[in-house]
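One-letter residues, chain by chain:
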Amino acid sequence: MASFMSLVSFSSLVLLVVIAVHSPVALSQDEECLAGIGNLISCDPYVIPGANQGSPSKECCSALGGVKQSCYCTAIDIISNLPARCSLPAVNCA
């Protein structure tokens with residue numbers, strides 16, 4: 001549970017920082033992404049490795065449906081590139 005919450009919080013923070021650095025105008029355009037990703041907290045019981053929580057709740061499904069695909073992709077791209085910026089090996093989930 002804590003892992004997912006950390007990931008969601010971290011993803012939201014990373015997105016906020018990137019957006020804020022690029023342009024103050026962009027922040028207002030991407031607030032929807034930030035809010036949507038923040039709402040994914042309701043999915044935390046369903047993403048912990050080894051936790052068998054059954055089907056996701058209506059709240060989780062609603063939160064997932066409320067985030068644009070481009071928001072997910074941006075967050076994943078940012079997180080995927082962070083290790084290299086910290087002189088760490090790339091993440092390999094294969």
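Residues numbered from 1 in each chain as written. Predicted model: local features only at pLDDT ≥ 70, side-chain atom pairs only at ≥ 80, totals over all residues. Heavy atoms only, no water.

- In its Sequence similarities (unreviewed entry) section, the UniProt entry covering the chain states "Belongs to the A9/FIL1 family." (UniProt positions renumbered as here; feature names shortened; annotations may be inferred.)

Looking at the environment of Q69
Turning to step 1, where the next piece is worked out: Assignment of secondary structure puts Q69 in helix α4 (residues 69–85).
Turning to step 2, where the next piece is worked out: Overall, the relative accessible area of 62% leaves Q69 in the exposed class.
Turning to step 3, where the next piece is worked out: For Q69 and C33, which are 36 residues apart along the polypeptide, the C-alpha to C-alpha distance reads 9.6 Å. (Helix = DSSP H or I, 4+ residues; strand = E, 2+ residues; numbered from the N terminus. Buried < 20%, exposed > 50% of the residue type's maximum accessible area, 1.4 Å probe, protein only.)

As for the nonpolar core
Turning to step 1, where the next piece is worked out: C33, I37, L40, C43, C60, A63, V67, C71 and A75 form the largest nonpolar core, which has nine residues in total.
Turning to step 2, where the next piece is worked out: Put simply, the parts of the chain that give this core at least two residues each are α2 (24–38), α3 (58–65) and α4. (Core = buried A, V, L, I, M, F, W, Y, C linked by side-chain atoms within 4.5 Å.)

Section: the state of the cysteines
Turning to step 1, where the next piece is worked out: Overall, the coordinates contain two disulfides when judged by the stated rule.
Turning to step 2, where the next piece is worked out: The disulfide bridge from C33 ends at C71, spanning 1.7 Å between sulfur atoms. Because the sign of the S-S torsion sets the handedness, a value of about -65° for the bond joining C33 and C71 places this disulfide among the left-handed ones. Of this pair, C33 sits in helix α2 while C71 sits in helix α4, and the two are 38 residues apart along the sequence. Pair check on accessibility: C33 and C71 agree, each one buried. (Disulfide = S-S within 2.5 Å.)

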